[in-house]
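# A structural walkthrough
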Amino acid sequence: MTRRLHWIAVVLFLLSFAYDVVVWGALPGMGDVGAAIAGSARREAPLATTYVVLGRPLDRAAPALQAFGEQRLTAAFGAGFERIREDPTVAIDLVFGSHWNAQQRWITTLYWAAPLLFLVSALLWTRRPKSVHLIRR
């Protein structure tokens, strides 16, 4: 198991990063609320901005991914849409500071999981067991 732990960490990183890119990339297509959250993210959350910038072309190319991302974001942040419309400058603070439902906690957890799993993957990759050959073939 420990011989393949670095691969498990890499796969988990790639899955969480792909989820973040698809979901956050759908943000600009959500109308005024999406634009408010994306604008607030540009000012306050560089990681969220990175996900939006990387995910936007992907979501434009595949409408199913755009619909998936919009559905996840609406389910997660729908309870705060009125408050975001009232004051768009605090949109990203509401997204990360409030706990409306399980979907919102899941998106927030995966938001932070990608950079953490990247570091874990890099650490495990440098510490992976290497094969030793005593006799040349």
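The structure under discussion appears in the preceding block.
Residues numbered from 1 in each chain as written. Predicted model: local features only at pLDDT ≥ 70, side-chain atom pairs only at ≥ 80, totals over all residues. Heavy atoms only, no water.

## As for helix H4 (residues 63–77)
Counted only if it meets this: Each helix is a run of H or I in the DSSP string that is no shorter than four residues. Each strand is a run of E no shorter than two, and both are numbered from the N terminus. Helix span, as expected, comes to 1.5 Å for every residue beyond the first. We call a residue buried when its accessible area falls under 20% of the maximum for its residue type, exposed when it is over 50%, and partly exposed in between, using a 1.4 Å probe and counting protein chains only. The arc in question is traced by the directions running from the helix axis to the C-beta atoms. Contacts are residue-level and defined by heavy atoms, with any inter-residue pair within 4.5 Å sufficient.
For H4, spanning 15 residues, the distance from its first C-alpha to its last is 21 Å, which sits close to the expected 21 Å at 1.5 Å a residue. Three or more residues of H4 are buried, namely Gln 66, Gly 69, Leu 73, Ala 76 and Phe 77. Seen end-on, H4 carries its buried residues on one side only, within an arc spanning 105 degrees. The outward face of H4, more than 90 degrees from its buried face, is lined by the exposed residues Pro 63, Ala 64 and Gln 71. Turning to H4, the residues buried within the fold contact helix H1 (5–25), helix H2 (31–44), helix H3 (46–61), helix H5 (81–86), helix H6 (91–97) and helix H7 (102–126).

## Topic: the packing of H3 against H7
Note the following rule: Angles here are taken between N-to-C directions and fall from 0 to 180 degrees, while the axes themselves are lines fitted to C-alpha atoms, restricted in helices to the stretch in contact. If an angle is under 35 degrees, it is roughly parallel; if it is over 145, roughly antiparallel; if it lies from 65 to 115, roughly perpendicular; otherwise it is oblique. In the scheme used here, Gly and all other residues not listed as nonpolar or charged are polar, with Ala, Val, Leu, Ile, Met, Phe, Trp, Tyr, Cys and Pro taken as nonpolar and Asp, Glu, Lys and Arg as charged.
For the pair H3 and H7, interaxial distance at closest approach is 11 Å and the crossing angle is 90 degrees. Here H3 lies roughly perpendicular to H7, going by the angle between them. Counting all contacts with H3, which are made through Leu 47, Ala 48 and Tyr 51, the residues of H7 involved are Tyr 111, Trp 112, Ala 114 and Pro 115. Along the lines of polarity and charge, the residues of the contact of H3 with H7 split into 7 nonpolar, no polar and no charged.

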